[in-house]
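For reference, the chains in residue letters:
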Amino acid sequence: MDLHAGTGGIAALRTRVLREAAVVVLVTAAFTAASAYGDWPEMITGPADDVVLVLAFSHLLMMVFGKRRSDELKAEVASRRAAEQELRHRVRHDELTGLLNRSGLIDEAAAAVAASAAGGPPTAAILIDLDRFKEVNDTLGHHVGDMLLRSVAGRLTEELRDDAVLARPGGDEFVVLLPGCGPEEAEQVAGRVLRALRRPFAVDGLLLEVDGSCGLAVDGSDVAELFRHADVAMYAAKADHLGIAVYRPSLDAEAPEHLTLFGDLRRAIREGELVVHYQPRVALAGGRVLGVEALVRWQHPVHGLVPPAQFVPLAEQTGLVQPLTEAVLDQALAACRRWHDQGLRLTVSVNLSARSLLDVGLPDRVAELLARHELPADRLELEITESAAMKDPVRALDVLHRLRDLGLELSVDDYGTGHASLAYLSRLPVSTLKIDRSFVQTMELDASDRTIVRSTIDLAHSLGLRVVAEGVETRATWDELAVLGCDAAQGYWLARPLPEAELLGCVAELRHRLAAPRPV
Ligand code: C2E
Ligand code: CA
Ligand code: CA
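Residues numbered from 1 in each chain as written. Chains lettered and ligands numbered in written order. Predicted model: local features only at pLDDT ≥ 70, side-chain atom pairs only at ≥ 80, totals over all residues. Heavy atoms only, no water.

The protein chain is annotated in an unreviewed UniProt entry as Bifunctional diguanylate cyclase/phosphodiesterase from Blastococcus saxobsidens.

The structure is reproduced here in structure tokens:
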């Protein structure tokens, strides 16, 4: 789909309209000039004299041109609308099966739950996990796995009533959403779904047998709770080989840790259990602390300090990433303001999830937060990953440009782990590239990683980007990066991520350590 066709079309249209206007002007001028030499044509007399004739002719021309152009404009508008619809469809649908994807499902669930909460009947969700799919995929290959998933999607669609919503949020998981459906009817649907799954599937000349586990939950108040309950029930169904399990609170105790953590996450964000630690980023030339990266942790009442890898992905899956990002931004900007008041000019970098780049409201909320903390925009940097920008490039680019227009810095995180080319990334409105720590940590020992780091630095510089190396764990790596002309570094050798209270001391220690002559 050529998304730029619309703009090109409008520019071409403008040229044609101008050209036609010029024709009308020229013809009218020619007629007017000709009429100065006599009454032409002579046979027309009386009130319909040559001026009237000239006007009538030029109007006729304008009508013909106008009609043509208005048809073109209509076609242009229709093709733009179709392109937009296609984009909207892609954002909400799974490419493989054509069903709703996770994002589409969350939207539908939010609408259904809002209707239930407004006094309507409850909403039921059935989470279906295929039991032997991995075996099929591993032994017969992805190609057969993909065909099987498509067949499952087709068969489930046949089993469901028209107003049921079927989605494939990922992998071998399917979700059926039943708006306005009570527990008994939902259980009947789950039974039908399971029986349908147990009939063999004819795929690629083979008869494949799969089975499923269904977790069922009915809730009318909260999307995240509805899915969490279905998840807990599905886990119980799987663990006890039940086929179907209906959520009840006593199942919570048996759920694996990550589910319990997830259940708490919404409350944790609301009640301020998220804490932010800060890791300094230091200039290789001169050793000045330029800024800090804000890294979130969860101070959990039972599990202690939980690292982000255990809860950020869950937040992403369940629509909690927006409040999470805002909580981190708010704390990070508040800290930045306090450092500013103490005379320390530091930038703070906050990580954005892939989902945040699709959140068109984000730039306005970032602007509000900057204003609330009375900070200039250039104190904030947002880190995005290359894959995030590539997921939905059109929407992501719009959000990125609007963020950039606020005056803040954007950087590409974990560079080297995705598939985007540096040339592509340099077209994004970013100013900094962070080389992933997997290359930096090993560059001392591994010549090919050293080459990757060196060529990335050179290429990034030639594209006008600054380079930050992550994961600097030794003095030798620091020295090497300085030789290679890298701009800044971050890593355990400099400092681990620290609570805000320890940062000032750390900055002083770094100043002392990096200024001191190197012991021989
Ligand atoms: P990241 O953005 O790549 O953050 C850097 C991670 O590398 C941090 O892990 C940091 O503690 C670790 N690190 C820093 N220096 C070194 C080093 O020298 N050696 C080694 N081995 N590791 C080092 P952390 O804090 O566990 O964060 C992990 C990831 O969680 C982050 O990776 C980021 O992707 C995500 N994350 C953290 N905070 C947030 C947040 O507020 N929002 C979002 N969306 N993601 C976050
Ligand atoms: Ca980062
Ligand atoms: Ca990183």
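Let's shift gears to the coordination of the calcium ion (ligand 3). With distances of 2.1 to 2.6 Å, the protein atoms coordinating the calcium ion (ligand 3) are D413 (OD), D414 (OD), E470 (OE) and E470 (OE). Donor residues for the calcium ion (ligand 3) sit on one chain with the sequence pattern D-D-x55-E. Here the calcium ion (ligand 3) and the calcium ion (ligand 2) are spaced 3.8 Å apart, and both take D413 as a donor. Of the two residues, D414 is situated in strand β13 (residues 409–415) and E470 in the loop between β15 (466–469) and α17 (475–484); the sequence distance between them amounts to 56 residues. Note on E470: relative accessible area 9%, which makes it buried. (Donors = N, O, S within 2.8 Å, 3.2 Å for Na, K, Ca; no water. Helix = DSSP H or I, 4+ residues; strand = E, 2+ residues; numbered from the N terminus. Buried < 20%, exposed > 50% of the residue type's maximum accessible area, 1.4 Å probe, protein only.)

On to the packing of aromatic side chains. Counting across every chain of the model gives three aromatic pairs. Each ring, one from Y278 and one from W339, has its centre 5.1 Å from the other, and the planes form 85°; the classification is edge-to-face. Within this pair, whereas Y278 is found in strand β8 (residues 274–283), its partner W339 is found in helix α10 (residues 321–341), the two being separated by 61 residues in sequence. Each ring, one from W478 and one from W493, has its centre 5.8 Å from the other, and the planes form 45°; the classification is tilted. Here the residue W478 occupies a position in helix α17, and W493 occupies one in the loop between β16 (488–489) and α18 (500–515), the gap between them amounting to 15 residues. Accessibility assignment for this pair places W478 and W493 in one class, buried. Over the ring of Y492 we find R496, and its NZ or CZ is 3.8 Å from the ring centre. The ring centre of W493 lies 4.9 Å from the NZ or CZ of R513, which sits over that ring. (Phe/Tyr/Trp six-rings, centres within 6.5 Å; stacked < 30°, edge-to-face > 60°. Lys NZ or Arg CZ within 6 Å of the ring centre and 35° of its normal.)

Counting buried positions along β8 yields nine of ten residues, so the element is predominantly enclosed. Sheet topology places β8 next to strand β9 (residues 289–300); nine bridges connect them, and they run antiparallel. Note that in β9 the partner of L274 across the bridge is W298. In this antiparallel pair of consecutive strands, β8 and β9, the connection spans five residues, and G286 shows a positive phi of 100°. Pairing geometry for β8 and β16, over two bridges, is antiparallel. The partner of V282 across the bridge, within β16, is A489. (Pairing = 2+ DSSP bridges.)

Quick look at the site of ligand 1 now. The local shell around ligand 1 holds 21 residues, among which R297, R437, Q441, E473 and Y492 are the closest. A distance of 3.1 Å is found between a nitrogen atom of ligand 1 and a backbone nitrogen or oxygen belonging to V296. The contact in question runs from an oxygen atom of ligand 1 to an N or O atom on the side chain of N351, over 3.0 Å. Protein coverage of the free-state accessible area of ligand 1, which is 800 Å², stands at 84%. Most atoms of ligand 1, that is more than half of them, are within 2 Å of grid points of the second largest pocket. If you list the elements that add at least two residues to the shell around ligand 1, you get β9 and β13. Sort the elements by how many residues they give to the shell around ligand 1 and β9 lands first, with four residues. Counted by class, the shell around ligand 1 contains eight nonpolar, six polar and seven charged residues. (Near = heavy atom within 4 Å. Polar contact = N/O pair within 3.5 Å; in protein donor to acceptor, adjacent residues only side chain to side chain. Areas by Shrake-Rupley, 256 points an atom, 1.4 Å probe, with all protein chains shown as cover. 1 Å grid on protein atoms, 1.4 Å probe; cavity = no way out; pocket = protein on both sides within 12 Å on 5 of 7 lines; lining within 4 Å. Sits in = over half its atoms within 2 Å of the grid points. Nonpolar A, V, L, I, M, F, W, Y, C, P; charged D, E, K, R; others polar.)

Here the focus is the side chain of N101. Take N101: it is sitting in the loop between α2 (50–92) and α3 (102–117). Note on N101: relative accessible area 15%, which makes it buried. A polar contact is formed between the side chain of N101 and the backbone nitrogen of G104, at a distance of 2.9 Å.

What follows deals with the layout of surface pockets. A volume near 1,300 Å³ is recorded for the largest pocket. Looking at the lining of the largest pocket, the elements that each hand over two or more residues are α2, α3, β2 (165–170), α7 (223–239), α9 (312–317), α10 and α13 (393–405). Considered as a void within the structure, the second largest pocket measures approximately 1,100 Å³ in volume. Around the second largest pocket sit 37 residues that line it, and E293, L295, P308, N351 and D413 are the ones nearest its centre. Looking at the lining of the second largest pocket, the elements that each hand over two or more residues are β9, α9, α10, β11 (347–351), β12 (380–385), α12 (386–391) and β13. Top element by residues in the lining of the second largest pocket is β9. It accounts for five residues. (Points joined across faces, edges and corners; volume = space filled by probe spheres on them.)

All right, on to the pattern of salt bridges then. A complete count under the given rule lists 33 salt bridges for this structure. Note that E271 and R267 form a salt bridge whose closest N and O atoms lie 3.6 Å from each other. A salt bridge links R365 to D359; its shortest N-O distance comes to 2.5 Å. The same class applies to R365 and to D359, which are both buried. (Salt bridge = Lys/Arg side-chain N within 4 Å of Asp/Glu carboxyl O.)

So, on to helix α16 (residues 447–462). Taking 1.5 Å per residue as the helical rise, α16 with its 16 residues ought to reach 22 Å, and the 23 Å between its terminal C-alpha atoms agrees with that figure. Along α16, the positions that sit buried rather than exposed are D449, V453, T456, I457 and A460. With its buried residues spanning 100° around the axis, α16 presents them on a single face. Opposite the buried face of α16, at more than 90 degrees from it, the exposed residues are A447 and S462. Along its buried surface, α16 packs onto β13, α14 (422–426), β14 (432–435), α15 (437–440), β15 and α17. (Expected span 1.5 Å × (residues − 1). Arc of directions from axis to C-beta. Contact = heavy atoms within 4.5 Å.)

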